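One-letter residues, chain by chain:
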Amino acid sequence: MAVTLVKYHDTPPFANHKDLHNVIDATQLGDVPWQCFLVQHTGEHPEVVLLWMDDKFEIWYRDPHAMAHNILANPTYKVDIDYVPFHEYDALDDTRRWKDFMSRDWAWQQADTILKDPEIRRSTLVPIILSSDKTTVAVGTGNNEYYPLYALIGNVHNTVRRAHRDALVIIGFLAIPKSERKYSKDDVFRIFHCQLFHSSLSAILSSLKPVMTEYEVVRCGDGHFQCIIYSLGPYIADYEEQLVLSCVVKHWCPKCIALQTDLDSGGAYCCHEHTNYMVNELHRDILWDEYGLISDLIPFTNDFPQADIHKLLLFDLLHQLIKGAFKDHLIDWVVKYLKAVHARATAVASFSGLRRFPQGRDFKQWTGDDSKVLMKVFLPAIEGHIPEDMVHAFHALLEFCYFVRCNVITEDTLNQIQDALHRFHCYRKVFDIVIPTFSLPRQHSMTHYADMIQLFGAPNGLCSSITESKHIKAVKEPWRWLSKHNALGQMLLTNQHLDKLAAL
């Protein structure tokens, strides 16, 4: 840099990298410092005390209240933000359209609740949308697993979130307690692990609680001041994380009360009033076996007004549809069918850029992009080699996936989604020769998509693929850049620097 400035008789703005870092450290704009608190098991200790019971777990976080201020004040989003809920209609035929978060029924319902309180009725709703997901930064080099917690506000448009324009911010690193292998499935440890998650979220979000019932005046990116009232918005998570969030047993639905053995038979949506009543009236064993509820856990949403975790759980295109129903289910079923009917079958369609493995490969992990590419070529590859109803099942599922990934969902699109789902349920029965049951939670989640689209809008604006991409910038790249000594501390500082630079 200095060499290029010599001919201009000038000097570079920074003497060296230390000078650059000192300037960034001194910058106050966009600065939200990291804080830490410790959590320890406080329950009864058995005669043989396990190691994790005496451990102190660190939870690092940044004030989500301050982070929300930074997003609201950022002029970059001034034309890509909605301050009031609205219903969007097509001008040609007056039919409803669902796109950005504030055009959805959930935001409208929250605004109706605000209007009932004369103290805050003129306030602007700012929903805090959360997401968390464990990620591994390296394989085979020790304990390199991290548990980031992200937040964004529901007012910004979907295009901003998908474009990775720093509207999604990292606000914490949750603890990952470890136990000896033989005790890892112990009930006491598992309950502690899950309750630690909920308690950590409650503590991290505690600064938002006062401004959920009393408004505050905030200067926004357009230069105007708004009376802001905050609310816990939907939570982006995969199925395993949804079970922890909703305190529900594996293989049950965290959204409705359908029976585990026949999820698609339907059932009313869960709510915290119903869950609390069941917990107070029934024995914990009955709750676990017959209703799929874990009575020992208290969800973090119980500490916040107008928050019901069952209603806040979102769809997840990446894990429920692309990696779940398509890759883990249908493709696996076809492989089982081919093995059962043919000793060996290979069918690969000609496709530019397609990787071929004639000897086969046992992949331990598929990325979302791998599965998306496979979705493009799998249907022509299997046609003519398996029964026609199996092909129709794939066709119906792919139609469902493509419809729900649309940027704008119309009433006609909703009807097409429901039609594709109905056809998929009809045609998948042909696979009953290779699988014992169709009561699968990730496939069952498809029955809730139409309702959730009307509540929360187009799924592609609130998908876990957005947080998966954020993992790269907030966790994986900082880990690769830095020395591995006190890696978490260096990652915290790097993210703080990046947020300051984004605010400039």
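Residues numbered from 1 in each chain as written. Predicted model: local features only at pLDDT ≥ 70, side-chain atom pairs only at ≥ 80, totals over all residues. Heavy atoms only, no water.

Draft legend 1. Geometry of the overall build of the chain. Tallying secondary structure elements over the chain gives 19 helices and twelve strands in all. A compact globule built from 504 residues would reach a C-alpha radius of gyration of about 23 Å, and the chain, at 25 Å, matches this within 12%. Counting only C-alpha atoms, the chain reaches 75 × 70 × 70 Å along its principal axes. Counting over 504 residues, the chain shows a buried share of 48%. Counted over contacts in the chain with a minimum sequence separation of 6, partners at least 24 positions apart contribute 70%. (Helix = DSSP H or I, 4+ residues; strand = E, 2+ residues; numbered from the N terminus. Rg over C-alpha atoms; globule rule 2.2 N^0.38 Å. Buried < 20%, exposed > 50% of the residue type's maximum accessible area, 1.4 Å probe, protein only. Contact = heavy atoms within 4.5 Å.)

Draft legend 2. Structural context of the nonpolar core. In terms of nonpolar packing, the biggest core is built from 130 residues, with Tyr-230, Phe-300, Phe-394 and Phe-431 touching the most fellow members. In this structure Phe-431 touches Trp-333, Val-334, Met-390, Ala-393, Phe-394 and Phe-438, once residues within four positions along its chain are discounted. With twelve residues, the next largest nonpolar core counts Cys-194, Leu-243, Trp-252 and Leu-297 among its residues. (Core = buried A, V, L, I, M, F, W, Y, C linked by side-chain atoms within 4.5 Å.)

Draft legend 3. Region of the structure containing the side chain of Ser-202. Within the fold, Ser-202 resides in helix α7 (residues 187-204). What makes Ser-202 buried here is its relative accessible area of 14%. Filtering out sequence-adjacent residues up to four positions away, Ser-202 remains in contact with Phe-300, Asp-303 and Phe-304.

Draft legend 4. Seen up close, the sheet that holds strand β4 (residues 96-98). Strand order in this open sheet of three strands is β3-β4-β12, and the pairing throughout is antiparallel. Either end of the sheet is taken by a strand with one partner, and the two such strands are β3 (88-89) and β12 (409-410). (Pairing = 2+ DSSP bridges.)

Draft legend 5. Quick look at the state of the cysteines. Evaluation of the coordinates by the stated rule reveals zero disulfides. Left unpaired, Cys-194 is separated from the closest cysteine sulfur, that of Cys-247, by 7.7 Å. Its sulfur unpaired, Cys-220 is 10 Å from the next cysteine sulfur, which belongs to Cys-227. (Disulfide = S-S within 2.5 Å.)

Draft legend 6. Seen up close, the packing of helix α12 (residues 317-341) against helix α14 (residues 388-404). Axis separation between α12 and α14 bottoms out at 11 Å; the angle between their running directions is 170°. Between α12 and α14, the angle falls in the class roughly antiparallel. Between α12 and α14, the contacting residues are Leu-317, Leu-321, Ala-325, Phe-326, Leu-330, Ile-331, Val-334 and Tyr-337 on the first element and Met-390, Ala-393, Phe-394, Leu-397, Leu-398, Phe-400, Cys-401 and Val-404 on the second. Residue classes in the contact of α12 with α14 are distributed as 16 nonpolar, no polar and no charged. (Axes fitted to C-alpha atoms, helices over the stretch in contact; angles between N-to-C directions. Parallel < 35°, antiparallel > 145°, perpendicular 65-115°, else oblique. Nonpolar A, V, L, I, M, F, W, Y, C, P; charged D, E, K, R; others polar.)

Draft legend 7. Quick look at empty space enclosed by the protein. Within the structure shown, the criterion is met by six cavities of 30 Å³ or more. For the largest cavity, the calculated volume is near 130 Å³. Of all the secondary-structure elements, those providing two or more residues to the lining of the largest cavity are α4 (64-73) and α19 (487-503). The computed volume of the second largest cavity comes to approximately 70 Å³. Lining the second largest cavity are Tyr-239, Gln-242, Cys-253, Pro-254, Lys-255, Leu-314, Phe-315, Gln-320, Pro-441, Ser-445, His-448 and Met-452. For the lining of the second largest cavity, a count of residues per class yields seven nonpolar, four polar and one charged. (1 Å grid on protein atoms, 1.4 Å probe; cavity = no way out; pocket = protein on both sides within 12 Å on 5 of 7 lines; lining within 4 Å. Points joined across faces, edges and corners; volume = space filled by probe spheres on them.)

Draft legend 8. Molecular detail of helix α5 (residues 105-115). All of the buried residues in α5 are Asp-105, Trp-106, Ala-107, Gln-110, Ala-111 and Ile-114. Looking at the packing, one finds that the buried side of α5 touches β4, β5 (124-132), β11 (225-236), α11 (309-312) and α17 (449-456).

Draft legend 9. Structural view of a negative patch on the surface. A surface patch of negative charge is lined by Asp-93, Asp-94, Glu-411 and Asp-412. Examined against the element boundaries, Asp-412 turns out to sit in helix α15 (residues 411-427). A relative accessible area of 48% places Asp-412 in the partly exposed class. (Patch = residues over 30% accessible without salt bridge, like charges linked within 9 Å, V, L, I, M, F, W, Y side chains within 5 Å. Areas by Shrake-Rupley, 256 points an atom, 1.4 Å probe, with all protein chains shown as cover. Salt bridge = Lys/Arg side-chain N within 4 Å of Asp/Glu carboxyl O. Lys, Arg positive; Asp, Glu negative; His and termini not counted. Charge placed at Lys NZ, Arg CZ, Asp CG, Glu CD.)

Draft legend 10. View of the pairing of strand β2 (residues 56-62). Bridge analysis of strand β1 (residues 34-40) against β2 gives seven bridges, and the strand direction is antiparallel. Bridge pairing in β2 places Gln-40 opposite Lys-56. Both β2 and strand β9 (residues 169-173) contribute to a ladder of two bridges, which runs antiparallel. Bridge pairing in β9 places Tyr-61 opposite Gly-172.

Draft legend 11. Summary view of the packing of helix α2 (residues 17-26) against α19. Two numbers describe how α2 lies on α19: the axes approach to 10 Å, and their chain directions differ by 70°. The angle between the axes of α2 and α19 places the two elements in the roughly perpendicular class. On α19, the residues touching His-21, Ile-24 and Asp-25 of α2 are Leu-493, His-497, Lys-500 and Leu-501. For the contact of α2 with α19, a count of residues per class yields three nonpolar, two polar and two charged.

Draft legend 12. Highlighting unusual backbone geometry. Backbone geometry at Asp-94 places phi at a positive 60°, although glycine is not the residue there. Its identity is not glycine, yet Cys-247 carries a phi of approximately 60°, on the positive side. For Cys-247, a relative accessible area of 5% puts it in the buried group.

Draft legend 13. Structural view of the sheet that holds β2. As summarised here, the arrangement of the seven strands in space is β1-β2-β9-β8-β5-β11-β10, forming an open sheet in which the pairing is mixed. The sheet is open, and its two borders are formed by β1 and β10 (216-219), each paired with just one other strand. Each strand of the sheet is rotated relative to its neighbour by a mean of 35°, with strand direction disregarded. Against the sheet, α5 touches β5 and β11, its axis set at about 130° to β11. Packing of helix α18 (residues 464-481) onto the sheet brings it into contact with β5, β8 (148-153), β9 and β11, and relative to β8 it is tilted by some 120°.

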